[in-house]
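Coordinate analysis (summary)
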Amino acid sequence: MNKEKFYVTTPIYYVNGEPHIGSAYTTIAADVLARFHRMKGEEVFFLTGTDEHGTKVAQTAQEQNLTPQEFTDIISSKYQLAWDILDISNDDFIRTTSQRHKDLVKIFVTKLKEVGAIYEGEYEGLYCVGCERFLTEKELVNGECPDHKKKPELIKEKNYFFNLKKYLPEIEEKISSDEIRILPEKIKKEVLGLFKQGLNDFSVTREKVKWGIEVPFDSSQVVYVWADALLNYITALGYGSKDDLLFRKFWPANLHLMAKEIIKFHAIFWPAMLLAVGEELPQTIFAHGFFTVDGQKMSKSLGNAIDPMELVKQFGSDATRFMLLSQFPFGQDGDVKVGNFVIQYNSDLANGVGNLTSRVLTMAEKYFDGIVPEKDSELAEPVKNIWSEYEKAMTSFEVDKAIEAIKKLNGLCDAYVEENKPWQLAKDDKEKLSKVIYNLLEALRHLGVMLYPIMPQTSQKILQSLGKGDFTSIQLSDLQNWGRLQPGAKVSKAEALFPRIQ
RNA sequence: CGCGGGGUAGAGCAGUUGGCAGCUCGGCGGGCCCAUAACCCGCAGGUCGCGGGUUCGAGUCCCGCCCCCGCAACCA
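Counting of residues starts from 1 at the beginning of each chain's written sequence and follows it residue by residue. For this description, chains carry letters from A and ligands carry numbers from 1, given in the order in which they are written. Given that this is a predicted model, residues contribute local features only at a pLDDT of at least 70 and side-chain atom pairs are listed and counted only at 80 or more, while totals for whole chains, interfaces and linings are drawn from all residues. Hydrogens and water are ignored here; the side-chain numbers use all heavy atoms of the structure.

This part is about the protein's contact with RNA strand B. Around RNA strand B sit 49 residues in total, of which T136, Q332, G354, N355 and R359 are the nearest. Of what RNA strand B places within 4 Å of the protein, 68% of the atoms are sugar or phosphate. Polar contact criterion, stated in full: a pair of N or O atoms within 3.5 Å, where within protein one must be able to donate a hydrogen and the other to accept it, and residues adjacent in sequence count only if both atoms are side-chain atoms. With respect to RNA strand B, the side chain of K189 contributes an N or O atom lying 3.3 Å from a phosphate oxygen. A distance of 3.1 Å is found between a base nitrogen of RNA strand B and a backbone nitrogen or oxygen belonging to G198. A run of DSSP states H or I qualifies as a helix once it reaches four residues; a run of E qualifies as a strand once it reaches two. Both are numbered from the N-terminal end. Of all elements in the fold, only helix 6 (185-197), strand 8 (202-203), helix 7 (225-229), strand 16 (334-336), helix 13 (340-368) and helix 15 (399-420) reach the threshold of two or more residues within the surface near RNA strand B. Under the grouping applied here, Gly and all other residues not named as nonpolar or charged are polar, the nonpolar ones being Ala, Val, Leu, Ile, Met, Phe, Trp, Tyr, Cys and Pro and the charged ones Asp, Glu, Lys and Arg. By residue class, the composition of the surface near RNA strand B is 19 nonpolar, 14 polar and 16 charged. Here a residue is near a molecule or strand as soon as one of its heavy atoms is found within 4 Å of it.

Bringing empty space enclosed by the protein into the picture now. Buriedness for pockets is judged along seven lines, at least five of which must meet protein on both sides within 12 Å for an open set on the 1 Å grid over protein atoms alone, while cavities are sets there where a 1.4 Å probe fits but cannot get out, and lining residues have an atom within 4 Å of a point. Grid points are joined across faces, edges and corners, and a volume is the space filled by probe spheres set on the points. Going through the model one piece at a time under the given rule, you end up with one cavity of 30 Å³ or more. Put simply, the largest cavity is a space of about 70 Å³. Taken together, 13 residues form the lining of the largest cavity, with H53, G54, V223, V225 and D228 sitting closest to its centre. Elements that contribute at least two residues to the lining of the largest cavity include exactly strand 11 (218-223) and helix 7. Split by residue class, the lining of the largest cavity holds eight nonpolar, three polar and two charged.

Next up on the list: the pairing of strand 1 (residues 5-14). Exposure classes here rest on a 1.4 Å probe applied to the protein chains alone. A residue is buried below 20% of its type maximum, exposed above 50%, and partly exposed in between. With nine of ten residues buried, strand 1 is to be regarded as a mostly interior element. Sheet topology places strand 1 next to strand 2 (residues 43-51); eight bridges connect them, and they run parallel. Within strand 2, the position partnered with V8 by the bridge is F46. Handedness of a crossover is defined as follows: orient the strands so they point away from the viewer, and if the path from the first strand over the helix to the second runs clockwise, the crossover is right-handed. Once you follow strand 1 into helix 1 (residues 21-39) and on to strand 2, the crossover reads as right-handed. When DSSP finds two or more bridges between two strands, those strands count as paired. Of the strand pairs in this sheet, strand 1 and strand 12 (residues 255-259) are connected by two bridges, and their pairing is parallel. Bridge pairing in strand 12 places V8 opposite L255.

Attention now goes to the packing of aromatic side chains. Pairing of aromatic side chains here covers Phe, Tyr and the six-membered ring of Trp, requires ring centres within 6.5 Å, and sorts the geometry by plane angle: under 30 degrees stacked, over 60 edge-to-face, intermediate tilted. Per the stated rule, a full pass over the model turns up 25 aromatic pairs. When the centroid spacing of 6.0 Å and the interplanar angle of 85 degrees are considered together, the rings of Y345 and F498 count as edge-to-face. With Y345 in helix 13 and F498 in the segment after helix 19 (476-479), this residue pair connects regions lying 153 residues apart in the sequence. A connected cluster of aromatic rings, assembled from ring pairs, spans Y7, F45, F108, Y233, Y239, F247, F250, W251 and W270. Criterion for a charge above a ring: Lys NZ or Arg CZ within 6 Å of the ring centre, and within 35 degrees of the ring normal. Across the ring face of Y224, the terminal group of R206 is positioned such that the distance to the ring centre comes to 4.0 Å. In this structure, K208 packs its charged tip against the face of Y127, placed 5.6 Å from the ring centre.

Moving on to the sheet that holds strand 7 (residues 181-183). Taking strand neighbours across the sheet as the criterion, the six strands line up as 3-2-1-12-13-7 in an open arrangement whose pairing is parallel. Of all the strands in the sheet, the pair left with one neighbour each is strand 3 (92-95) and strand 7. Each adjacent strand pair in this sheet contributes to an overall mean axis angle of 20 degrees, direction not counted. Here five bridges tie strand 12 to strand 13 (residues 284-288), and the two strands are oriented parallel to one another. The axes are straight lines fitted to the C-alpha atoms, using for helices just the contacting stretch, and the angles between their N-to-C directions are given from 0 to 180°.

For salt bridges, the criterion is a side-chain nitrogen of Lys or Arg within 4 Å of an Asp or Glu carboxyl oxygen. The full count for this structure, using the stated rule, is 25 salt bridges. When the shortest N-O distance is used, the salt bridge between E42 and K40 registers 4.0 Å. With relative accessibility at 27%, the residue K40 sits in the partly exposed group. Measuring nitrogen to oxygen at the nearest pair gives 3.2 Å for the salt bridge that ties R359 to E418. Remark: E418 occurs in helix 15 and R359 occurs in helix 13; sequence separation between them is 59 residues. Here R359 falls in the partly exposed class, since its relative accessible area comes to 22%. One connected set of salt bridges, linked through shared partners, spans D31, R35 and R321.

Let us look at the packing of helix 15 against helix 17 (residues 430-451). Running from N to C, helix 15 and helix 17 point in directions that differ by 170 degrees, and their axes come no closer than 10 Å. With respect to their mutual orientation, helix 15 and helix 17 come out roughly antiparallel. The chirality of how helix 15 crosses helix 17 is left-handed. In this structure, helix 15 contributes I406, L409, N410, C413, Y416, V417 and N420 to the contact, and helix 17 contributes K432, K435, V436, N439, L440, A443, H446, L447, M450 and L451. Roughly parallel covers angles under 35 degrees, roughly antiparallel covers those over 145, roughly perpendicular covers 65 to 115, and oblique covers all other angles. By definition, turning the near helix anticlockwise from the far helix through less than a right angle yields a left-handed crossing, and turning it clockwise yields a right-handed one. Pairs of residues are marked as contacts when any of their non-hydrogen atoms sit within 4.5 Å.

With two bridges connecting them, strand 9 (residues 205-206) and strand 11 associate as antiparallel partners. Looking across to strand 11, one finds that R206 is bridged to V222. Note: strand 10 (residues 214-215) against strand 11, two bridges, orientation antiparallel. Its bridge partner being in strand 11, E214 is matched across the sheet by V222. Connecting the antiparallel pair strand 10 and strand 11 is a turn made up of two residues.

Any link to function would need more than the numbers given here.
Okay, here's the thing in structure tokens:
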């Protein structure tokens, strides 16, 4: 029997900026899903990386007296470090300046030419001499380049164009029929709207851009953004090379995850490119929303950007992961109040998971010297129901709902304690006490397992306290069974999981 | 009439196929004492943007209006 596979990607992040809360959010979400699918026993490949070409990058490098490669090395490593700190479990990290990527992009572009999907044409655009690049309408301020306060010139250059129009009807059909699933529904509508408005062929090469991958059949040209960047999803798997084992195993992607601003390129351009060379298309493309901070759009100039590394410093990596994901439903935009982080940390983590763990383990030690009592299954049924909510949520990418399920289990346990008053039972009903404590310990184990994708460290700590530290090799279907915690096992209280913050 | 999303309790948000308006935080009042001054229960608070319509019944469907926000043809 073949193991299910799950290939999940984040976009590759543009190195013109350092990791910010948006990229952290996407990456954490992808990590949660990757971990969940691994826990289910599927074979998972989780890819992220950095996009490092383009004039902007070359320019910034120059300003800092660095070669473009030196500059991108620095920024790229900052991303890798940030993901490390956030416990991101990516299986690979692709850089567009890596030799393996460049080689395979050349192969792909050559193939596009062979199948007749690209043609030579002229691109006309607004060019800023100061920036040495074409600007988009959106970048202009009062018709001027915001950096150089000059009106860009309308100039032409030779480009190779991708024949997008040819593939549009087929793509549109595949999207409306959900053969390519675009989520959430409103984003799908938006994408379908783009077809109605009409789309044009786009350049896959540029003449004036120098920092990029040289086009193999025309040295005056460099491969341009999307043809370079989107291909990471397959070059990382060795597409087109002798060693394409990973590609054959994991492609097509089960899930491309991203923020909504780049949906068009992923939902339309990318499938079209794949169609052109006869490869399979990604199954699901999910675009999540944006953060606003205290009602305002995040931006560097406003100085209200939230640095994920600062959050980690204050709350730790697990808590940061948890808090970012539980701010608002996954897929929607949401407002974040900076002050709410502390409140939420205290209420959900310190008072919730942390406190519950502490009270349950303390009672186990106090009343049973930390020895797990005889089995009982009073909580088996409700826990099972929460599991099904949790799994359903995770499977449909509703990470926030999975978190809700966890909180529900937490609340269930707290209420169960109140209801049974173990401190009372300790005086007059030892038999009942034993059952209650077993139920609580076993429920806590389930909580620990559910926590794993979202807060891997906390999960580990809880399970270790229960003498169940090593579980990653065990299938979720086993972990979900009630009664895995064996009577006679030793449990012990560790230090507080989430100390309160004042 | 470019495309699309949104306006629900003090704050942030849920509300699948129309059927007594929910969640979290905060506020107020009880309870408990195992626990990280944590936990449990209860209460207060909403003309569901505005105006019409369909219906036995609409936050939920239809029409009009007001306000906010993304996207708008090659920007990562």
